[in-house]
Amino acid sequence: MLLDEILEVGDKKEVPLLTELESHKDPQISNKAFEVKVALQSKLGLMTDTERRRLPMNLCFIYDEFNIRPSKVDKELDFEIELDLLNMKKE
């Protein structure tokens, strides 16, 4: 019930508390804290952690802007290395 009130009257100071409550051992509290945090960030116009990690849209077109093309893969550079570590069994 208190988490719902945070959504109604809370501000950006509540986000760290909600982040901490997301790791609570009770899944109901954890899930509710996550829902309230996402809704509060949306209501306040704050960027989420996922949005913060995204590149700005103007960087998506930098290759075209500077006429940069990725290099072609040279077929002769196949080193034929096998990753035996992935096939090993744990003992």
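Note that the coordinates shown come from a computational prediction; the quantities given were computed from them, not determined experimentally. (Residues numbered from 1 in each chain as written. Predicted model: local features only at pLDDT ≥ 70, side-chain atom pairs only at ≥ 80, totals over all residues. Heavy atoms only, no water.)

Glancing now at the confidence of the model for the protein chain. For the protein chain, mean pLDDT is 77; residues scoring 70 or higher make up 64% of the total. Of all the helices and strands in the protein chain, helix H4 (residues 49-53) carries the lowest mean pLDDT, 66, while helix H2 (residues 15-21) carries the highest, 89. (pLDDT = per-residue confidence, 0-100. Helix = DSSP H or I, 4+ residues; strand = E, 2+ residues; numbered from the N terminus.)

Attention shifts here to a nonpolar patch on the surface. On the surface, Ile 62, Phe 66 and Ile 68 cluster together into a nonpolar patch covering about 260 Å² of accessible area. Inspection of the secondary structure puts Ile 62 in helix H5 (residues 62-65). (Patch = residues over 30% accessible without salt bridge, like charges linked within 9 Å, V, L, I, M, F, W, Y side chains within 5 Å. Areas by Shrake-Rupley, 256 points an atom, 1.4 Å probe, with all protein chains shown as cover. Salt bridge = Lys/Arg side-chain N within 4 Å of Asp/Glu carboxyl O.)

Judged by nonpolar contacts, Leu 3, Ile 6, Val 15, Leu 18, Ala 33, Val 36 and Leu 40 together constitute the single largest core of seven residues. Among the secondary structure elements, those contributing two or more residues to this core are helix H1 (2-9), H2 and helix H3 (27-44). Residues contacting Val 15, with those up to four places away along its chain left out, are Lys 37, Leu 40, Gln 41 and Leu 46. (Core = buried A, V, L, I, M, F, W, Y, C linked by side-chain atoms within 4.5 Å. Buried < 20%, exposed > 50% of the residue type's maximum accessible area, 1.4 Å probe, protein only. Contact = heavy atoms within 4.5 Å.)

Taken as a whole and assessed by the stated rule, the structure comprises two salt bridges. Residue Lys 32 is joined to Asp 4 by a salt bridge in which the shortest nitrogen-to-oxygen separation is 2.8 Å. In this pair, Lys 32 sits in helix H3 while Asp 4 sits in helix H1, placing the two residues 28 residues apart along the sequence. Judged by relative accessible area, Lys 32 falls into the partly exposed class, the value being 28%. In this structure, Lys 37 and Glu 22 form a salt bridge, with 2.9 Å as the shortest nitrogen-oxygen distance. Residue Lys 37 is located in helix H3, and its partner Glu 22 is located in the loop between H2 and H3; the two are separated by 15 residues in the primary sequence. When its relative accessible area of 8% is taken as the criterion, Lys 37 is described as buried. Its relative accessible area of 22% is what places Glu 22 among the partly exposed residues.

On to H3. For H3, with 18 residues, the first-to-last C-alpha span of 25 Å sits near the 26 Å given by 1.5 Å per residue. Within the span of H3, buried status applies to Ser 30, Ala 33, Val 36, Lys 37, Leu 40 and Gln 41. Along H3, the residues classed as buried sweep out an arc of 135° about the axis, all on the same side. In H3, the exposed positions that point more than 90 degrees away from the buried face belong to Gln 28 and Ser 42. Capping the start of H3, Asp 26 holds a side-chain oxygen 3.1 Å from the backbone nitrogen of Gln 28, two or three residues further along. (Expected span 1.5 Å × (residues − 1). Arc of directions from axis to C-beta. Polar contact = N/O pair within 3.5 Å; in protein donor to acceptor, adjacent residues only side chain to side chain.)

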